[in-house]
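# A structural walkthrough
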There are 2 protein chains.
Amino acid sequence: MRTMAVIGTGLIGTSVALAVSRRGVTVFLSDRDPAAARTAAALGAGLASAPAAPVDLAVIAVPPSQVGAVLAEAQERGLADSYTDVASVKAEPERAALSRAPDPHRYVGGHPLAGRERSGPLAARADLFRGRNWVLTPSRLSSDVAFDRALELIALCEAVPVVMHSQDHDAAVAVTSHVPHLMASLMAARLREGPADLPSVAGQGLRDATRIAGGDSRLWGDILQANAPAIAGVLKELHTDLSRLVPALDALARPGGSERDLGMRTLVDLLDRGISGLAEIPDARPGSSSEDPCVRVAVADRPGELARLLAAVAELGVAADDACVEGADGTSFAVRFSVPPRIADRLVAALDAGGWDVVREQGGERDGERDGEQGLGGATLAGTVRSGRRPQ
Amino acid sequence: MRTMAVIGTGLIGTSVALAVSRRGVTVFLSDRDPAAARTAAALGAGLASAPAAPVDLAVIAVPPSQVGAVLAEAQERGLADSYTDVASVKAEPERAALSRAPDPHRYVGGHPLAGRERSGPLAARADLFRGRNWVLTPSRLSSDVAFDRALELIALCEAVPVVMHSQDHDAAVAVTSHVPHLMASLMAARLREGPADLPSVAGQGLRDATRIAGGDSRLWGDILQANAPAIAGVLKELHTDLSRLVPALDALARPGGSERDLGMRTLVDLLDRGISGLAEIPDARPGSSSEDPCVRVAVADRPGELARLLAAVAELGVAADDACVEGADGTSFAVRFSVPPRIADRLVAALDAGGWDVVREQGGERDGERDGEQGLGGATLAGTVRSGRRPQ
């Protein structure tokens, strides 16, 4: 791939342009607002001009509702050999491509799972997509050429390709992105009507829980309406969940009420289901996994002795978060660290040398660690399409 | 304050003990589980034994429903001159103290706004409370001695005291903590029933939005039931909000439907109210505020020129996040950086020396910056009770 066009130089479009420009691709930038395209160019993202000949790939980085029209217009003037987009909703753009675009086989839908609360070209980063999933949703008409060009784009951005049906994608993002955004907005909107003391008790938990509500409301309105059927379905389920939860809290609010036990069971059951649901979210934290080996250290039951151990392991980059205490028998503790094999080896060697009573308890194999995946090229392109094959 | 007792050596109790031990206070640790108290002692948090004489202050660090019984028992055996607790609900412990404790005037309720997802003594940190708010809720009987001892504890932990009525506190945390926790649990529980592709599209936004759902379910069940009336009230409001939102999404899901415009207005209105609600949450990010001066730089409209400017300011610790582009007229841009005065001065000097066309546009005064608040002592004790006076 030698030439590319990016239509729409907001956060995502400019970040794509920055990433591929670094790799030697010539990028032609355009935007409804010419100043935004010039800003992106001044950032080093490419040229704010039109290409003289068709480019290899055009990336359409506009709100979901506009993808169809922009794609049709670009194909009518023969802008590129292949086309993709980066909208976070995929079924509606696919429908629009199949019904309106002159060459629907030249188009494959895409959605990089990356973003920031800030928008616009100045917020762009060349490494925005590194290590992130990038979904492709080829339609029944998408050509192999268009699909391969999109894969090449993903590799240039150092992202990880994942292939899905557009409808499956939209059902999944309704649960993982769109409904959480709406719930964050509902909670944040409630803050305006809360008691005066509210800011004094607003901490990091609330900040994290509502952070996604900060996105641009017009862009998000466009995204949410484009996926309205799937979102409405999930919202109705949540509405039903709330209808069950409110009576449980009402029961707990009545002192000495006969239904307190049932209310408490309902509440704890929800909290436990929430905890188990969190396991569906891949952990961003590099380091421990349930298959990691354990390193077991005996610690004398003396003031400060455990602190001395934690300070020793901290020097090796191991946090107390990776530790648990077991079998305190009155004279000593057993402290277990669950860490990746590479670190377990270093930990055992260093603690042994430091005079600690240490054993390695269990081995395990890990896949290549994400931290190490800096390279690009054939292996990334050929080996990491996670779903194994294209859906059709 | 020379001696203290901590009852309950979980995350919060052990963190309190670590913080005050460092300041030379002798801390006596106890826990229902003796191994937990010994673990805290081995971390250097104090002595896992009972004091020979009454201590200056006892800190009760147990779940909300147990504060009343633990306080009564401790006062019966004359453990301390003054008592406080750290439970995240305040009205129920206050009621229990007034009705059951032998010396209710020796007790003042407290709630440090700090926590982690991990629990237990190993997760404790001496600096857990640094710079965080710590609410005190004196009752109509709380003595000045008990209140001042609690203030001293807060100062030793380098936290910021805030005084409230217990009922006001509970109404506020229902909105800022308890309901967000329940909504995060509801959303996380939905992940278990979602489509198979779900983990591939689960990103940082979802992780942040649901992170608080990871807390210990029995402890949180106890917290939530202790504040059930206030939580039930907020949940009912959210239930009503959802009842209005679902029809808006349903309208947007019908192609060409006549109520699409109304649905879109409802949606964007909610998103906008959410954005404005976020302003109620104090910003954790040190650096810019709306009162900061602006530094304006003229940048030639050439490829890479803006990138060169951003690289130059990055060396001074200023991120592109603090910048916005204005007035691109076809030959140059105006880039404005909104940064604290101290940084603005450095920025102007450095850019000027580097040959940039730079002006400082507007001055402003800031309060002492949180970053600089490392000290302790009289100023902190006397000067930062934010509500100005005690509620009674």
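Report follows, based on the coordinates. (Residues numbered from 1 in each chain as written. Chains lettered and ligands numbered in written order. Predicted model: local features only at pLDDT ≥ 70, side-chain atom pairs only at ≥ 80, totals over all residues. Heavy atoms only, no water.)

What follows deals with the overall build of chain A. Along the backbone of chain A there are 13 helices and 11 strands. Across the 392 residues in chain A, those meeting the buried criterion constitute 53%. Partitioning the contacts of chain A with sequence separation of at least 6, the portion at a separation of at least 24 is 73%. Summing over all exposed atoms, chain A offers an accessible surface of approximately 16,200 Å²; the carbon and sulfur share of this is 49%. (Helix = DSSP H or I, 4+ residues; strand = E, 2+ residues; numbered from the N terminus. Buried < 20%, exposed > 50% of the residue type's maximum accessible area, 1.4 Å probe, protein only. Contact = heavy atoms within 4.5 Å. Areas by Shrake-Rupley, 256 points an atom, 1.4 Å probe, with all protein chains shown as cover.)

Right, let's get into the relation of the copies chain A and chain B. Least-squares fitting of chain A to chain B yields an RMSD of 0.1 Å, with the superposition described by an axial translation of 0.0 Å and a rotation of 180°. Both copies are brought into coincidence by an operation consistent with a two-fold rotation axis. No C-alpha of chain A lies nearer the rotation axis than that of Ala209(A), which sits 2.0 Å from it. Looking at the interface residues of chain A, 100% of them are also at the interface in chain B, so both copies use one shared face. (Least-squares fit on C-alpha atoms with pLDDT ≥ 70 in both.)

This brings us to the pattern of salt bridges. Opposite charge on two side chains permits pairing when their charged atoms draw close. Across all of its chains, the model carries 30 salt bridges over all chains by this definition. A salt bridge links Lys236(A) to Asp250(B); the nearest nitrogen and oxygen atoms lie 2.9 Å apart. Taken together, the residues Lys236(A) in helix α9 (residues 228–253) and Asp250(B) in helix α9 (residues 228–253) connect one chain to another. A relative accessible area of 38% places Lys236(A) in the partly exposed class. Residues joined in a network through salt bridges with shared partners are Arg190(A), Glu193(A), Glu237(B) and Asp241(B). (Salt bridge = Lys/Arg side-chain N within 4 Å of Asp/Glu carboxyl O.)

What follows deals with helix α10 (residues 260–278) of chain A. For α10(A), which comprises 19 residues, the first-to-last C-alpha distance of 27 Å matches the rise-based estimate of 27 Å (1.5 Å per residue) to within 8%. All of the buried residues in α10(A) are Gly263(A), Leu267(A), Val268(A), Leu270(A), Leu271(A), Gly274(A), Gly277(A) and Leu278(A). Tucked into the core, α10(A) has its buried residues touching α9 of chain A together with α6 (166–191), α7 (204–210) and α8 (217–226) of chain B. (Expected span 1.5 Å × (residues − 1).)

This next bit is on the environment of Leu57(B). Along the polypeptide, Leu57(B) turns up in strand β3 (residues 55–60). The spatial distance from the C-alpha of Leu57(B) to the C-alpha of Leu278(B) is 38 Å, given a sequence separation of 221 residues.

Note on helix geometry: an α-helix contains 3.6 residues per turn, so any two residues three or four positions apart are oriented the same way. Residue and element names in this part refer to chain A. By the criterion of burial, helix α2 (residues 34–42) is predominantly enclosed, with 7 of the 9 residues buried. Residues Ala-36, Ala-37, Arg-38, Thr-39, Ala-40, Ala-41 and Ala-42 constitute the buried set of α2. A positive phi of about 95° marks Gly-44, the residue just after α2.

With that settled, consider the side chain of His181(A). Within the fold, His181(A) resides in helix α6 (residues 166–191). Setting aside residues up to four positions removed in sequence, His181(A) forms contacts with Ile212(A), Ala213(A), Gly215(A), Trp220(A) and Leu271(B).

Here we come to the sheet that holds strand β3 (residues 55–60) of chain A. All names here are of chain A. Within the open sheet, the 7 strands sit side by side as β2-β1-β3-β4-β5-β6-β7. Their pairing is mixed. Only two strands of the sheet have a single partner each, and these edge strands are β2 (26–30) and β7 (160–163). The average undirected angle you get between the axes of adjacent strands in this sheet is 25°. Alignment of strand β4 (residues 80–85) against strand β5 (residues 107–112), held across 2 bridges, turns out to be parallel. Following the sheet pairing, Thr-84 is matched in β5 by Val-108. (Pairing = 2+ DSSP bridges. Axes fitted to C-alpha atoms, helices over the stretch in contact; angles between N-to-C directions.)

Backbone-to-backbone hydrogen bonds pair the strands of a sheet. The strands run either parallel or antiparallel. All names here are of chain B. With respect to topology, 7 strands assemble into an open sheet ordered β2-β1-β3-β4-β5-β6-β7, the strand pairing being mixed. This sheet does not close on itself; its edge strands, each paired only once, are β2 (26–30) and β7 (160–163). Looking at each pair of strands side by side, their axes are set apart by 25° on average, direction ignored. Contacting β1 (3–7), β2, β3, β5 (107–112) and β6 (133–137), helix α1 (residues 11–22) runs over the sheet at an angle of about 165° to β2.

Moving on, we come to the interface of chain A and chain B. Quoted interface sizes are often the accessible area lost when the parts come together. Listed by partner, the interface residues are 114 residues for chain A and 115 residues for chain B. Here chain A and chain B share an interface that buries about 10,400 Å² over both sides, 69% of which is from carbon and sulfur atoms. Considering only the surface of chain A that becomes buried against chain B, Leu122(A), Arg190(A) and Val201(A) emerge as the three largest contributors, covering 7% of it. In this structure, the connection of chain A to chain B is made through 10 salt bridges. One salt bridge in this structure joins Glu237(B) and Arg190(A), with 3.4 Å as the shortest N-O distance. Taken together, the links from chain A to chain B amount to 35 residue pairs in polar contact (both at pLDDT 80 or more). Considering only residue class, the side of chain A that touches chain B consists of 66 nonpolar, 23 polar and 25 charged. (Buried area = accessible area lost by both parts, 1.4 Å probe. Polar contact = N/O pair within 3.5 Å; in protein donor to acceptor, adjacent residues only side chain to side chain. Nonpolar A, V, L, I, M, F, W, Y, C, P; charged D, E, K, R; others polar.)

What follows covers unusual backbone geometry. Look at Glu158(A): it is not a glycine, yet its phi comes out positive at around 60°. Residue Glu158(A) is classed as buried on the basis of its relative accessible area, which comes to 17%.

Take the environment of Ala123(B) next. All names here are of chain B. With respect to the helices, strands and loops of the structure, Ala-123 is situated in the loop between β5 and β6. Once the C-alpha coordinates of Ala-123 and Thr-14 are considered, the two residues, 109 residues apart in sequence, prove to be 8.8 Å apart. Sequence-distant contacts of Ala-123, defined by excluding residues within four places in its chain, comprise Leu-11, Arg-116 and Arg-118.

Bringing the packing of aromatic side chains into the picture now. Aromatic ring pairs are reported here in terms of the distance separating the ring centres and the angle at which the planes meet. Overall, the coordinates contain 2 aromatic pairs over all chains when judged by the stated rule. Here Phe129(A) and Trp134(A) contribute two aromatic rings whose centre-to-centre distance is 5.2 Å and whose plane-to-plane angle is 50°, an arrangement assigned as tilted. (Phe/Tyr/Trp six-rings, centres within 6.5 Å; stacked < 30°, edge-to-face > 60°.)

Next up on the list: the side chain of Gln225(A). Tracing the sequence through the fold places Gln225(A) in helix α8 (residues 217–226). Residue Gln225(A) is classed as buried on the basis of its relative accessible area, which comes to 10%. Among the polar contacts listed, one links the side chain of Gln225(A) to the side chain of Arg260(B), at a separation of 2.8 Å.

Let us look at the nonpolar core. Counting 76 residues, the largest nonpolar core has Leu182(A), Leu235(A), Leu182(B) and Leu235(B) as its most contacted members. Once you skip the residues sitting within four places of it in the chain, Leu235(A) turns out to touch Val179(A), Leu182(A), Met183(A), Leu242(B), Leu245(B), Val246(B) and Leu249(B). Judged by nonpolar contacts, the second largest core, of 39 residues, contains Ala19(A), Leu29(A), Ala45(A) and Val59(A). (Core = buried A, V, L, I, M, F, W, Y, C linked by side-chain atoms within 4.5 Å.)

This part is about the pairing of strand β6 (residues 133–137) of chain A. Residues and elements named next belong to chain A. Among the 5 residues in β6, 5 count as buried, and that is most of the element. Across 4 bridges, β5 lies against β6 in antiparallel orientation. Counted as the bridge partner of Pro-112 is Trp-134 from β6. Two elements, β6 and β7, share 4 bridges in a ladder whose sense is parallel. Directly across from Val-135, in β7, lies its bridge partner Val-162. For the segment spanning β6, helix α5 (residues 144–156) and β7, crossover handedness is right-handed. (Right-handed = clockwise from strand over helix to strand, strands pointing away.)

Okay, the packing of helix α4 (residues 91–100) of chain B against α6(B) next. Residue and element names in this part refer to chain B. At a minimum axis distance of 8 Å, the contact between α4 and α6 shows a crossing angle of 155°. Viewed along their axes, α4 and α6 adopt a mutual orientation that is roughly antiparallel. For the pair α4 and α6, contact is made by Ala-91, Glu-92 and Glu-94 and by Ser-166, Gln-167 and Asp-170, respectively. For the contact of α4 with α6, the residue count by class is 1 nonpolar, 2 polar and 3 charged. (Parallel < 35°, antiparallel > 145°, perpendicular 65-115°, else oblique.)

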